[in-house]
Amino acid sequence: MPPPPEDDGSSSARTPLIPPTPPPPGRAVARLHPLPLLVAAAFAASYHLLVAPAPSYYRSLFLSLGSNDTAAAHLHALTLRPHLAGTEANARAAEHVVSALSSLSFPTRVVPYSVLLAYPVHRSLSLSAPGHATTPFALVQDTYPGDPYAAVSAEAVPTFLAYAASGSVAAEAVYANYGRPEDFAYLAARGVDVTGKVVLARYGKVYRGDIVINARKAGAAAAVIYTDAKDYAAGEAFPDGPWMPPTGVQVGSTFKGVGDPTTPMWASSEGCERVSIPEAMATDDMPGIPALPVSGRDGEAILQLIGGDVAPKDWQGGDGSPVYRLGPGPAVLNLTYIGNETMATIQNVISVIEGKEEPERYIILGNHRDAWTFGAVDPNSGTAALLELAQRFSELQKKGWRPRRTIILCNWDAEEYGLVGSTEWVEENRAMLTSRTVAYLNVDSAVYGAGFYASATPQLDELLKEASKQVQNPDNETQSLYDLWMASDSSSMIKIGRIGGGGSDYSAFVQHIGIPSIDISMGSEYAVYHSLYDDFVWMEKFGDPLFRRHVAAASMWGLVALRLSDEEILPFNYSTYAVELEKGAIDINKRLLGVPVSSSPLQKSIAEFKRAALQMDSEMKALQTRKVWNPWRNNPLKVRDLNERLMMTERAFTDREGLSGRPWYKHLIYAPSLHDDYGAQVYPGVDDAIQMAERTNTSESWRSVQHEIYRIARVINQASLVLSGGLT
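Residues numbered from 1 in each chain as written. Predicted model: local features only at pLDDT ≥ 70, side-chain atom pairs only at ≥ 80, totals over all residues. Heavy atoms only, no water.

S.K.: Whenever I open this one, the overall build of the chain confuses me. Can you help?
M.R.: A count of helices and strands for the chain gives 24 helices and 17 strands. Taking 27 Å as the expected radius of gyration for a compact globule of 728 residues, we find that the chain reaches 29 Å, a close match to that expectation. Across the 728 residues in the chain, those meeting the buried criterion constitute 56%. Intrachain contacts of the chain at a sequence separation of at least 6 include 80% that bridge at least 24 residues. Accessible surface, the chain as shown: approximately 30,400 Å² in total, 55% of it carbon and sulfur. (Helix = DSSP H or I, 4+ residues; strand = E, 2+ residues; numbered from the N terminus. Rg over C-alpha atoms; globule rule 2.2 N^0.38 Å. Buried < 20%, exposed > 50% of the residue type's maximum accessible area, 1.4 Å probe, protein only. Contact = heavy atoms within 4.5 Å. Areas by Shrake-Rupley, 256 points an atom, 1.4 Å probe, with all protein chains shown as cover.)

Rendered as C-alpha cells:
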C-alpha cells in the first residue's frame with residue numbers, strides 16, 4: 001500500500017478522528033481469548049522462516065550469476081595505464097572502482113590519507129673490470145613488436161627500489177646468492193669480506209627489503225638485485241610465453257615496516273602527529289644503503305666479470321649460465337640512486353552493504369588497487385574479482401536478499417609500498433573494528449594461473465574446504481575447486497597456509513588487532529611479477545584466457561562471505577586451531593632439546609585450549625540441533641553469546657606490548673619471520689628469541705626464550721577463557 005500523505009496543515013490532508021462507540025450500559029465487552037493471539041503472533045514471527053528463501057538459496061543463486069565478461073571488462077579498464085600509488089593514473093583507477101560500486105546502489109566513499117611514498121629521481125649503474133671497457137646499463141625494460149601498451153609504457157615508473165637510500169657507490173662486487181642471513185654467513189666463513197662492497201643478489205626465497213637490509217648489516221655499501229633466469233626465465237619469454245623477458249625487472253619496496261613511515265603505530269589522520277621524513281628514513285626498517293633492481297641480462301653480465309672462488313652448486317644458475325663466483329671483484333660496480341621521498345595522498349575506497357539483523361557485525365572483503373606498472377595480475381585481477389562479486393551481490397538484493405551481518409567491500413591504496421592504505425584504516429578504526437569485525441577476507445592477486453591456494457587463521461579452515469566443494473573448477477567442469485585444490489597438493493591432505501607473512505593487506509587485521517582472516521588466489525606465482533609485462537595481454541594469453549579463473553576466485557570469495565554474513569551461528573572451528581598450536585609446540589620442543597628451557601607452560605595452555613574448543617563444539621552442535629527441530633525457538637541471547645566468543649577468541653592471541661623489538665605485531669601466534677617479511681612464522685616471539693640464543697648462547701638469552709614461552713602460554717590461556725565464556 002502507498003505511504004500515508006504528509007500533513008500539510010489542511011483538513012483535506014488529514015484522516016478524520018472518529019471516537020470509538022462506547023458499549024451500551026449493562027452489556028459486557030467481548031474480549032478475544034489470548035491463545036489465538038499467541039498463535040497468530042507466533043505464525044507472524046515465523047512466517048518469513050517458512051516462505052522466505054533460505055540462505056542456501058541465495059548462495060546457489062550467487063554461484064549461478066558469475067560473469068567472466070564482467071571480470072574481463074573491469075580488468076581491462078583498470079589496466080589501461082600504469083597506476084602507481086600517489087599518481088593521477090591511480091586516482092582515475094579509484095574513480096572506476098567508486099563508479100562501479102556506486103552504480104550498484106551500495107553506499108561508497110573515498111577515505112584519503114597523506115603518507116610518505118618514494119619515487120626515483122636519478123639512477124645509473126655501470127660495470128668495469130681490468131681489461132674490459134666500462135659498460136653502462138640502460139636500466140630500461142624493452143617493449144616488443146606489436147605491444148599494444150608500448151605508447152603508455154613510458155608512463156611506468158623507472159626501475160627502482162622504493163625507500164632505498166640516496167647516494168653513489170663505486171666498489172667491487174660480491175655475489176651473495178639470495179641475500180639471506182645464511183648466505184652472508186657462508187661468505188664470511190669462506191673469508192669473503194663484504195664490507196664496503198656492492199652486493200649482487202638474486203630475487204627469490206625472501207623479501208627484497210630483507211635482502212638489502214641483510215647486505216647493510218653485513219657491511220655492504222650498496223646492493224643490486226637481479227632476476228635470475230633459473231627462477232624467472234625457465235621457458236619461453238613473454239610475449240611468446242609466460243616467462244620474464246631478458247630485460248624484465250622486478251621493482252618494489254624495500255621498507256620492512258608496515259603502514260605510513262611517518263606515523264609508526266598510529267593512524268595518518270588529518271592533523272596527526274608525525275615524525276620527520278629524515279627520521280622515518282633513518283629507522284632500521286629502511287634499507288639504509290643505495291640499491292637498484294636489474295634484469296636477468298644485466299645480472300648475468302655482472303656475474304661474468306666476478307672472480308674469486310667458485311660459488312657452491314646451489315648458488316649456481318640454470319643450464320647455459322656462466323659459472324657463478326663469489327668475488328670480491330675484479331668486477332667494479334658504479335651505482336648512483338637519488339630518490340624523492342615525499343608526502344602524497346592515497347585513496348581507499350569503502351563500500352557498505354548493511355546487514356539486517358546484526359548490522360553492527362562486519363564481514364570485510366579487501367583488495368588493493370595500486371600497481372607498480374599495469375598490474376593485471378598484481379593486484380587488479382583481485383580488483384576485477386571484487387567488482388564482479390559486487391555485481392552479483394547487487395543481483396541478490398534485487399531478489400530480496402539482505403545479509404544478516406554487514407558486508408564491507410574495501411579497495412586499498414599504496415599496498416605495494418608497505419601495506420599502507422589498509423594499515424592506516426585499521427589503525428584509525430582500531431576500536432570499532434576490534435569490537436565488531438567477524439572476519440577479514442583478503443584477495444590480493446586473484447589469478448596467477450592454474451591451481452587454487454589459500455591461507456587462513458585455523459578456525460576458518462573447515463569453512464574454506466566446505467565452500468571449495470561448491471565452486472566449480474574453472475579448468476574442468478566435472479570437478480569442484482576442492483578437487484583442484486586436492487590435486488595441487490602432493491600429500492593426501494589439503495595444506496592451508498598460515499596467514500602470518502607480511503605480504504598483503506590481511507597483516508593489519510590479523511597481526512595487529514587479531515581478526516580471523518583468509519587469503520585466497522587461483523595459482524600462486526608468476527614470472528613477470530612487478531615488471532612492465534604484468535599487463536592485460538599477459539593475463540589474456542597465459543593467466544586466464546577465458547576469465548573463468550577470475551569467476552572462480554570471486555565465487556569462492558563471495559561464498560565464504562555469504563556463509564559468514566548469513567548463518568545464524570558463525571561457522572568457526574577452533575578444534576583445528578588447537579591442532580595447529582600443537583604442531584607449533586612440537587617444532588619448539590625439537591629446537592629446545594638439551595637447553596635449559598621448559599615448554600611445559602605452553603603444553604599446559606594448549607591442553608586447556610583443546611578442552612575449551614571441545615566445549616564450544618558441543619555447544620554449537622546443541623544449538624544447531626535445536627534449530628533443526630524448532631527453527632524459531634533458539635535463544636537469541638545464547639546465540640549472541642556463542643558468536644561473541646567465537647569472534648573474540650582470535651583477539652585474545654594478541655598482546656598489547658607486541659613482539660619484542662617489533663611492537664606493531666601484536667599477535668603472538670602468527671607474524672612474519674624475522675628475516676623474511678614474506679614468510680609466516682608460528683610463535684614468532686619464541687622463534688626470534690631462540691635465534692638470538694643460538695647466536696649468543698648466554699644464560700640471559702635462554703631466559704629470554706623461557707620468558708617468550710610464558711608469554712604465548714598466557715595468551716593461549718586467555719583465548720581459552722574467551723572461548724569457554726568463563727571467568728577464573
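S.K.: I'm lost on the environment of V98 in this one. Help?
M.R.: The topology assignment puts V98 in helix α4 (residues 88–102). Once you skip the residues sitting within four places of it in the chain, V98 turns out to touch T108, V110 and V349.

S.K.: Which parts of the structure should I look at to understand unusual backbone geometry?
M.R.: A negative phi holds for most residues other than glycine; trans holds for most peptide bonds. Backbone torsion omega between G329 and P330 reads -5°, so that peptide bond is classified as cis. Position of P330 among the secondary structure elements: in the loop between α10 (296–304) and β9 (332–353). Here the bond from D378 into P379 is cis, since omega is 10°, no more than 30 degrees from zero. As for its placement among the helices and strands, P379 is situated in the loop between β10 (358–368) and α11 (380–398). A positive phi angle is found at S105, which is not glycine, with a value near 70°. With respect to the helices and strands, the residue S105 is situated in the loop between α4 and β1 (108–129). Residue classification places S105 among the exposed residues on the basis of a relative accessible area of 62%.

S.K.: Just to check I follow, could you spell out the environment of R392 for this structure?
M.R.: Summarising the element assignment, R392 is placed in helix α11. In sequence terms R392 and D688 are 296 residues apart; their C-alpha atoms lie 45 Å from each other. Discounting residues that sit within four places of it in the chain, R392 has contacts with F62, L63, L65, G66, V551, A554 and S555. Of the polar contacts made by the side chain of R392, one reaches the side chain of S555; its length is 3.0 Å. (Polar contact = N/O pair within 3.5 Å; in protein donor to acceptor, adjacent residues only side chain to side chain.)

S.K.: Even after reading the chapter, I still don't get the pairing of β1, so can you show me in this structure?
M.R.: For a regular strand, side chains alternate in direction, first toward one face of the sheet and then toward the other. The pairing of β1 with β9 spans 20 bridges and is antiparallel. Opposite P120, over in β9, you have G339 as the bridge partner. Relative to strand β2 (residues 132–136), β1 is paired through three bridges, and the arrangement is antiparallel. Looking across to β2, one finds that L127 is bridged to T135. Hairpin connection of β1 to β2: two residues between the antiparallel strands, including G131 at a positive phi of 85°. (Pairing = 2+ DSSP bridges.)

S.K.: Is there a simple way to explain the confidence of the model for the chain in this structure?
M.R.: Averaged over every residue, the pLDDT of the chain is 92; residues scoring 70 or more account for 91%. The low-confidence segment residues 1–50 (pLDDT under 50) makes eleven contacts with residues lying over four places distant or belonging to another chain. (pLDDT = per-residue confidence, 0-100.)

S.K.: It is not clear to me how α11 should be interpreted in this structure. Could you clarify?
M.R.: For α11, with 19 residues, the first-to-last C-alpha span of 27 Å sits near the 27 Å given by 1.5 Å per residue. For α11, the tally of buried residues reaches 15 of 19 residues, placing the bulk of the element in the interior. One or two residues past the end of α11 sits G400, with phi positive at roughly 105°. (Expected span 1.5 Å × (residues − 1).)

S.K.: Where do I start with the packing of aromatic side chains in this structure?
M.R.: Each aromatic ring pair is characterised by the separation of its centres together with the angle its planes make. Inspection of every chain in the model, using the stated rule, returns 33 aromatic pairs. When the centroid spacing of 4.8 Å and the interplanar angle of 25° are considered together, the rings of Y577 and F653 count as stacked. Residue Y577 is located in helix α20 (residues 574–591), and its partner F653 is located in the loop between α22 (636–648) and β16 (670–673); the two are separated by 76 residues in the primary sequence. Clustering of aromatic rings is evident, with ring pairs tying together Y144, F238, Y448, Y526, Y529, Y533, W538 and F542. A cation over an aromatic ring shows up here: K205 above the ring of Y178, its NZ or CZ 5.5 Å from the ring centre. K469 extends its terminal NZ or CZ atom over the ring of Y482, reaching a point 4.8 Å from the ring centre. (Phe/Tyr/Trp six-rings, centres within 6.5 Å; stacked < 30°, edge-to-face > 60°. Lys NZ or Arg CZ within 6 Å of the ring centre and 35° of its normal.)

S.K.: It is not clear to me how the packing of α22 against helix α24 (residues 699–724) should be interpreted in this structure. Could you clarify?
M.R.: The relative placement of two packed helices is expressed as an angle between their axes plus a distance between the axes. Remark: α22 packs on α24, axes separated minimally by 8 Å, with the N-to-C direction vectors making an angle of 160°. The orientation of α22 relative to α24 falls into the category roughly antiparallel. Along this stretch, α22 crosses α24, giving a crossing that reads as left-handed. For the pair α22 and α24, the contacting residues are R645, L646 and M648 in the first and V722, L723 and S724 in the second. (Axes fitted to C-alpha atoms, helices over the stretch in contact; angles between N-to-C directions. Parallel < 35°, antiparallel > 145°, perpendicular 65-115°, else oblique. Left-handed = near helix turned anticlockwise from the far one by under 90°.)

S.K.: Is there a simple way to think about the environment of H512 in this case?
M.R.: Turning to its location among the elements, H512 is positioned in helix α17 (residues 506–512). Remark: the alpha-carbon pair of H512 and V443, spanning 69 residues in sequence, is separated by 19 Å. The residues contacting H512, other than those within four sequence positions of it, are E427, R430, S507, W664 and K666. A polar atom in the side chain of H512 sits 3.1 Å from the side chain of R430.

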